[in-house]
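# Inside the fold
Listed here are the chains, written in short residue letters.
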Amino acid sequence: MVSDLAGALAGLSAAPRLLVASDFDGVLAPIVADPGAARPLPAAIEALRLLGGLPDTFVALVSGRALAELTALSGLGPPARLVGSHGAEWSTGPVAGLDVERAGVLAAVTETMEDVAGCYPGVLVERKPVNAVLHVRRASREDAAAAGAELTERLARWPDLRVAHGKQIVEVGVAPNDKGSALVTLRSAAEADAVLFLGDDVTDEDAFAVLTPQDVGVKVGPGETRAAYRVDTPEDAAAVLAELAALRVSANRS
Ligand SMILES: [Mg+2]
């Protein structure tokens, strides 16, 4: 481990209230060809469990995966807090599920979508925990285009929606979905004085961007980053977590 990172971890370990947050794939779990086969490194999970059991120490995973998948693959549960769908799905805590207002918007959006789908043969609606998805794969090209246009027009009354146009789908979300917002929420919920965040991908940059000088960001692997520190592999990331856990345990004893 590079010595300046070791020094930064020593600093973190002395924080009165510490939040340790991490991405999952490519950080705790090596990237594999079949996303369903991803498994976290036991050493990483063991370090997170140890940290989560210490006083004034809070552990969170922030992933792009759906929450249910993240929960199953990581094997982590309370007191660790799991945040899926890039910050849109929360296991517990300040944003468990959607708040009443957003849940209402999602219901209205889904209803509108079903209304539109009902007018075009082959157009279907899929309900997800914080999103609604219009599928047009089975519709004629004309109907697909018309359904998309009508939906866009009718959704205009909700200016804050997150609308993503994919292959033969239009996915509409009602919750904030970036890892930066998620990390800000986690930090304030934990009233943390300092934060460690580990990430490997482009979406993790949103989280690195909200770190403050007393925090530590660790990028895992190659690529441009805002993080101040970098390690090469998930094994190295597990070593970072283990080191911090060991330091925090002894800081706690003294
Ligand atoms: Mg990742």
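Residues numbered from 1 in each chain as written. Predicted model: local features only at pLDDT ≥ 70, side-chain atom pairs only at ≥ 80, totals over all residues. Heavy atoms only, no water.

### Details of the overall build of the protein chain
Short version of the rule: In DSSP terms, a helix is any run of H or I states spanning at least four residues, a strand is any run of E spanning at least two, and both are numbered starting from the N terminus. For every residue, the accessible area obtained with a 1.4 Å probe (protein chains only) is divided by the maximum for its type, and the residue is called buried under 20%, exposed over 50%, and partly exposed between those limits. Residue contacts follow a heavy-atom distance rule, with two residues in contact if any of their heavy atoms lie within 4.5 Å. For every accessible area listed, the method is Shrake-Rupley and the probe measures 1.4 Å; residues are considered covered only by the protein chains on display.
Secondary structure assignment for the protein chain yields eight helices and eleven strands. With the C-alpha coordinates of the protein chain rotated into their principal frame, the extents come out at 70 × 35 × 30 Å. Counting every position in the protein chain, which comprises 254 residues, the buried fraction comes to 46%. Long-range contacts, defined here as pairs at least 24 residues apart, represent 58% of the contacts in the protein chain between residues at least 6 apart. Put simply, the protein chain shows about 12100 Å² of open surface, and 54% of that area lies on carbon and sulfur atoms.

### A few points about the sheet that holds strand β8 (residues 169-173)
The condition that has to hold: Note on pairing: DSSP must find at least two bridges between two strands before they are called paired. Angular values range over 0 to 180 degrees, each being the angle between N-to-C directions of two axes fitted as lines to C-alpha atoms, with helices fitted over their stretch in contact.
Taken together, the four strands give an open sheet; going across it, the order is β5-β6-β8-β7, and neighbouring strands pair in antiparallel fashion. A single partner strand is all that each edge strand has here, and the edge strands are β5 (124-127) and β7 (162-166). On average, adjacent strands in this sheet sit at an angle of 20° to one another, irrespective of strand direction. Sheet topology note: the strand β6 (residues 131-135)/β8 ladder contains five bridges and is antiparallel. Its bridge partner lying in β8, A132 is registered against V172. Packing of helix α4 (residues 100-118) onto the sheet brings it into contact with β5, β6 and β8, and relative to β6 it is tilted by some 10°.

### What about the pattern of salt bridges?
So the rule is basically this: Salt bridges are defined as contacts in which a side-chain nitrogen from Lys or Arg sits within 4 Å of a carboxyl oxygen from Asp or Glu.
As enumerated under the stated definition, the model contains nine salt bridges in all. Salt-bridge contacts for R65 lead to E69; the nearest nitrogen and oxygen are separated by 3.6 Å.

### Structural notes on the packing of aromatic side chains
Stated formally: A pair of Phe, Tyr and Trp rings is counted when the ring centres sit within 6.5 Å of each other, with Trp represented by its six-membered ring. The angle between the planes then sorts it: under 30 degrees is stacked, over 60 is edge-to-face, the rest tilted.
According to the stated counting rule, one finds one aromatic pair in the structure shown. Seen from their ring centres, F197 and F208 are 5.4 Å apart, and the 80° between their planes marks the pair as edge-to-face. Note that F197 is positioned in strand β9 (residues 194-199) and F208 in helix α7 (residues 205-209), a separation of eleven residues in sequence. Here F197 and F208 have matching classes, each one buried.

### What to know about the sheet that holds strand β2 (residues 57-62)
Spatial strand order, β4-β3-β2-β1-β9-β10-β11: seven strands in an open sheet with mixed pairing. Both outer strands of the open sheet, β4 (89-90) and β11 (229-231), are each paired with one neighbouring strand and no more. The pairing of β2 with strand β3 (residues 81-84) spans three bridges and is parallel. Note that in β3 the partner of A60 across the bridge is R81. The sheet strands contacting helix α3 (residues 67-74) are β2, β3 and β4, and the helix crosses β3 at an angle near 135°. Against the sheet, helix α6 (residues 179-190) engages β1 (18-22), β2, β3, β4 and β9, with an angle of about 160° to β2.

### Quick word on unusual backbone geometry
Cis peptide bonds are those with omega within 30 degrees of zero, and the linkage from P78 to P79 qualifies with 5°. Its place among the elements puts P79 in the loop between α3 and β3. Of note in the backbone geometry, S85 takes a positive phi value of approximately 50° without being a glycine. Note on placement: S85 falls in the loop between β3 and β4. For S85, a relative accessible area of 18% corresponds to the buried category.

### Section: the nonpolar core
Note the cut-off: By convention a nonpolar core is built from buried Ala, Val, Leu, Ile, Met, Phe, Trp, Tyr and Cys residues, the set being connected through side-chain atoms within 4.5 Å.
Membership of the largest hydrophobic core comes to 42 residues, with the highest contact counts inside it found for V20, L196 and L241. Looking at this core, the element that brings in the most residues is helix α8 (residues 234-253), giving seven residues. Excluding residues within four positions of it along the chain, L196 makes contact with L9, L12, L19, V20, A21, V216, V218, V240, L241 and L244.

### So, the environment of L76
The topology assignment puts L76 in the loop between α3 and β3. On the basis of relative accessibility, which here comes to 6%, the residue L76 falls in the buried class. Placed 27 residues apart in sequence, L76 and R49 show a C-alpha to C-alpha distance of 8.0 Å.

### Some points on the pairing of β6
With four of its five residues buried, β6 lies for the most part within the structure. In this sheet, β6 lies alongside β5 in antiparallel orientation, the contact comprising four bridges. Within β6, the position partnered with E126 by the bridge is V133. Where β5 folds back onto β6 in an antiparallel hairpin, the turn is made up of three residues.

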